[in-house]
Amino acid sequence: MPGSGVEAQVVASLRAMNAAGGYSLSLVCTDRGLLVASAGEQPRSEALAALSSLFGDIAARAARDLGLADIDELTLSDVRVGRLVVRPLADGPSPRLFLVVQVPRHRAWRQNTNVVVRSLLAILGPLLTTIHPNK
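This section reports on the structure supplied with the text. (Residues numbered from 1 in each chain as written. Predicted model: local features only at pLDDT ≥ 70, side-chain atom pairs only at ≥ 80, totals over all residues. Heavy atoms only, no water.)

**Some remarks on the overall build of the protein chain**
From N to C terminus, the protein chain includes four helices and five strands. Listing each helix as α and each strand as β along the protein chain from the N terminus yields α-β-β-α-α-β-β-β-α. Relative to its 135 residues, the protein chain shows a buried fraction of 41%. Sequence-distant contacts, at least 24 apart, represent 50% of the contacts inside the protein chain between residues at least 6 apart. Put simply, the protein chain shows about 7500 Å² of open surface, and 55% of that area lies on carbon and sulfur atoms. (Helix = DSSP H or I, 4+ residues; strand = E, 2+ residues; numbered from the N terminus. Buried < 20%, exposed > 50% of the residue type's maximum accessible area, 1.4 Å probe, protein only. Contact = heavy atoms within 4.5 Å. Areas by Shrake-Rupley, 256 points an atom, 1.4 Å probe, with all protein chains shown as cover.)

**Comments concerning the pattern of salt bridges**
Within the structure shown, the criterion is met by four salt bridges. Between R87 and D72 there is a salt bridge, with its nearest N and O atoms 3.7 Å apart. Separated by 15 residues along the polypeptide, R87 in strand β4 (residues 82-88) and D72 in the loop between α3 (54-66) and β3 (74-78) bring together distant segments of the chain. Across the pair D72 and R110 runs a salt bridge whose closest N-O atoms are separated by 2.4 Å. With D72 in the loop between α3 and β3 and R110 in helix α4 (residues 110-131), this residue pair connects regions lying 38 residues apart in the sequence. A single network of salt bridges, built from pairs that share partners, joins D72, E73, R87 and R110. (Salt bridge = Lys/Arg side-chain N within 4 Å of Asp/Glu carboxyl O.)

**So, α3**
Between its first and last C-alpha atoms α3 spans 17 Å; for 13 residues at 1.5 Å apiece the expected length is 18 Å, and the two agree. Residues of α3 that are buried include every one of F55, G56, A59 and A62, and no others. The arc that holds every buried residue of α3, seen down its axis, measures 130°, which confines them to one face. Among the exposed residues of α3, those oriented more than 90 degrees off its buried face are R61 and R64. Its buried side turned inward, α3 meets α2 (42-52), β3, β4 and β5 (97-104). Taken from the residues just after α3, G67 is the one with a positive phi, measuring 75°. (Expected span 1.5 Å × (residues − 1). Arc of directions from axis to C-beta.)

**Description of the sheet that holds β3**
Pairing is antiparallel across the open sheet formed by five strands, whose spatial order is β2-β1-β5-β4-β3. Strand pairing shows two members of the sheet lacking a second neighbour, β2 (35-39) and β3, which therefore form its edges. In this sheet, adjacent strand axes meet at a mean angle of 15° when their direction is disregarded. Where strand β1 (residues 25-30) lies against β2, four bridges are found, and the strand directions are antiparallel. If you follow S26 over to β2, its bridge partner there is A39. Taken strand by strand, α2 contacts β1, β2, β3, β4 and β5, and its axis lies near 45° from that of β1. (Pairing = 2+ DSSP bridges. Axes fitted to C-alpha atoms, helices over the stretch in contact; angles between N-to-C directions.)

Everything listed here is a matter of coordinates, which is why it stays silent on function.
Set out below in structure tokens:
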């Protein structure tokens with residue numbers, strides 16, 4: 001990520017969300033599974049970033065085959081561990097960015113992720129328009 005200041009801001013936003021929600025791990029990654037920034041265990045962050053690369057494919061197929069064009073979240077739920085929530089930060093051409101949060105059982109996530117998505121877009125928005133000037 002260009003500029004350690006931007007990365008530090010993203011990590012600070014993720015840490016604040018983790019503290020507010022009691023989450024152990026959150027990250028921002030690309031649609032190709034590349035880790036941009038994380039707050040939590042590094043090896044697990046890299047594995048989750050790679051897994052999250054499938055979100056783009058799932059969303060594209062859901063739009064094409066099922067008419068679900070505005071998917072804003074994919075959640076994997078495990079009855080013992082909790083949830084893995086993947087939310088796109090912005091639509092547009094590749095690379096897309098995703099917020100990924102590991103949510104323990106019986107914890108809310110929607111409001112916290114809404115807040116951090118807005119925060120991350122404020123931080124990363126200028127970079128996204130540099131990459132995608134038509135946005």
